[in-house]
Amino acid sequence: MPPVVLRAPEASRANALHAGAWWLWALGLAVAASRTTNPLLLGLLVGVAGYVVAARRTDAPWARSYGAFVKLGLFVVFLRVVFSLLLGSPIPGTHELFTLPEVPLPDWAQGVRIGGRVTAEQLVFAVYDGLKLATLLICVGAANALANPARLLKSLPGALYEAGVAVVVAMTFAPNMVADVVRLRTARRLRGRPTGGVRAVLQIGLPVLEGALERSIAVAASMDARGYGRTAQVPAAVRRTTNLLTLGGLLGICAGSYGLLAAEGAGYGLPLLGAGLVAAMAGLRLGGRRTVRTRYRPDRWGIRSWLVAGSGVTVAVLMIWANAYAPEALHPGVVPLEMPELPLWPALSILVGLVPAFVAPVPKENA
């Protein structure tokens, strides 16, 4: 009897993963990144996100955005270090590296300095802080590369349909424009024409803008043909209740998210986030009565979507818990300087985020 090989099926319309599952997975990794400044754990989070993206992204235009987010993260680290060099840091240090010329400032600017001595502790703290923000951006980039924005629009509540259409059109405009630029530059290169310089940019820019305008007109016409913007009449009391629940729920979600991302706010952040989600979902459900539309073949939230979303949530919960019992390992000290160590259990917790690479359907391009 041949051995049974367990592997994810090839992606199709019937078994496509819900776009919201990818966002929950990525946000779980982002919450985990917000709980640590250990560069080894942050690098492990980036590696997990990158491996999943490489294993499960398609050739669609939005799937190419991951590299741009990685470059943006590296730029954030560089910018954070430059600001620390120029504007100083409140971190005390004894290992002086060099001294920059200091700009004299008036008396009313006391506490602010430009230039001065630069210490190793100051630079290490800036690198740790920049890596943390860069990892958050890369996790968001992973969600952008894996989740189809059009399918995410289909899953939005009826109350957010119009806003969702505008967001999806904005999100797909830039990738399509980048794809047009790459296509035109390749065509010029094959014809032996230059692709650099001001003249080449002007010659490429006109067809790109023309294609963008044509797509915009086509989108506007299709939206008008489908009745975009038409609403049904609902009682005034329902409208007021909807606004109250939605606004209160969004405020609760913002406060709860801040608590989860803050250093010591997990105790009140989770209850506030849960209450805000419940209120916002109730308000969105009431608000959906104003939208007159039907859904054609809506995406299903199956077992694989639960596994993908659950893996990200699990990573976030385990890292929040690790921050309670091993804060020193998740936040290596910089005064005095010490070599960061890779804690075993938090590292294993992050590896749970690799679940989508094995359970999510395989795109046809990667099969």
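Within the protein, the regular secondary structure consists of 13 helices and 2 strands. When burial is assessed residue by residue, the protein has 36% of its 367 residues classed as buried. Taken as a whole, the protein presents about 21500 Å² of accessible surface, with 68% of it coming from carbon and sulfur.

Moving on to the confidence of the model for the protein. Low pLDDT marks stretches whose predicted atomic positions should not be read closely. Predicted confidence across the protein gives a mean pLDDT of 77, with 76% of residues reaching 70 or more. Low pLDDT, under 50, characterises residues 1-6; the stretch is placed with 0 contacts to residues that sit more than four places away or in other chains.

Here the focus is the nonpolar core. In this structure, W22, W25, L29, L45, Y66, V308 and M319 are the most contacted members of the largest nonpolar core, which totals 37 residues. Ranked by residues supplied to this core, first place goes to helix α1 (residues 19-34) with 9 residues. The contacts of W25, once residues within four sequence positions are left out, are A49, V52, A142, L146, V308, A309, S311, G312, G353 and P356.

Evaluation of the coordinates by the stated rule reveals 1 salt bridge. We note a salt bridge from D129 to R80, for which the minimum N-O separation is 3.1 Å. Within this pair, whereas D129 is found in helix α4 (residues 120-146), its partner R80 is found in helix α3 (residues 66-87), the two being separated by 49 residues in sequence. Overall, D129 belongs to the partly exposed group, its relative accessible area being 33%.

Take the packing of aromatic side chains next. The full count for this structure, using the stated rule, is 2 aromatic pairs. For the pair W22 and W25, a centre-to-centre distance of 5.8 Å together with 80 degrees between the ring planes defines the contact as edge-to-face. Pair noted here: W22 and W25 are both in helix α1, with a separation of 3 residues, about one helical turn. Residue classification places W25 among the buried residues on the basis of a relative accessible area of 0%.

With that settled, the discussion passes to the side chain of N38. Relative to the helices and strands, N38 is located in the loop between α1 and α2 (39-56). Residue N38 is classed as buried on the basis of its relative accessible area, which comes to 0%. Not counting chain neighbours up to four residues away, the residues in contact with N38 comprise A329, L330, P332, P340, E341 and P343.

This brings us to the packing of α3 against α4. Relative to each other, α3 and α4 sit at 160 degrees, their axes nearing to 8 Å. Here α4 runs roughly antiparallel to α3, going by the angle between their axes. Between α3 and α4 lies a crossing of right-handed hand. A per-class count over the contact of α3 with α4 returns 20 nonpolar, 6 polar and 2 charged.

Right, let's get into helix α12 (residues 344-351). Here α12 has its buried residues at P346, A347, S349 and I350. Buried residues of α12, seen end-on, are gathered within an arc of 155 degrees and therefore sit on one face of the element. Turned more than 90 degrees away from the buried face of α12, the exposed residues are L344 and W345.

This part covers the side chain of H18. Counting through the fold element by element, H18 comes out in the segment before α1. Relative accessible area serves as the criterion here: at 10%, H18 is assigned to the buried category.

Let us now look at the environment of V82. Tracing the chain through its elements places V82 in helix α3. Since its relative accessible area comes to 23%, V82 is described here as partly exposed. Distance in space between the C-alpha atoms of V82 and A126 is 8.9 Å, their sequence separation being 44 residues.

This next bit is on a nonpolar patch on the surface. Taken together, the side chains of L72, F75, F78, L79, F83, L86, L87, V103 and I114 present a nonpolar region at the surface, about 790 Å² in accessible area. Here the element with the most residues in the nonpolar patch is α3; it accounts for 7 residues. The topology assignment puts F83 in helix α3. When its relative accessible area of 44% is taken as the criterion, F83 is described as partly exposed.

The interhelical angle for the contact between α1 and α2, taken along N-to-C directions, is 165 degrees, at an axis separation of 10 Å. Here α1 lies roughly antiparallel to α2, going by the angle between them. Crossing geometry of α1 relative to α2 is assigned as left-handed. Contact with α1, carried on its side by W22, W25, L29, A32 and A33, involves L42, L45, A49, V52 and R56 of α2 and no other residues of that element. Classifying every residue of the contact of α1 with α2 by side-chain character gives 9 nonpolar, no polar and 1 charged.

Conventions used here
Residues numbered from 1 in each chain as written. Predicted model: local features only at pLDDT ≥ 70, side-chain atom pairs only at ≥ 80, totals over all residues. Heavy atoms only, no water. Helix = DSSP H or I, 4+ residues; strand = E, 2+ residues; numbered from the N terminus. Buried < 20%, exposed > 50% of the residue type's maximum accessible area, 1.4 Å probe, protein only. Areas by Shrake-Rupley, 256 points an atom, 1.4 Å probe, with all protein chains shown as cover. pLDDT = per-residue confidence, 0-100. Contact = heavy atoms within 4.5 Å. Core = buried A, V, L, I, M, F, W, Y, C linked by side-chain atoms within 4.5 Å. Salt bridge = Lys/Arg side-chain N within 4 Å of Asp/Glu carboxyl O. Phe/Tyr/Trp six-rings, centres within 6.5 Å; stacked < 30°, edge-to-face > 60°. Axes fitted to C-alpha atoms, helices over the stretch in contact; angles between N-to-C directions. Parallel < 35°, antiparallel > 145°, perpendicular 65-115°, else oblique. Left-handed = near helix turned anticlockwise from the far one by under 90°. Nonpolar A, V, L, I, M, F, W, Y, C, P; charged D, E, K, R; others polar. Arc of directions from axis to C-beta. Patch = residues over 30% accessible without salt bridge, like charges linked within 9 Å, V, L, I, M, F, W, Y side chains within 5 Å.

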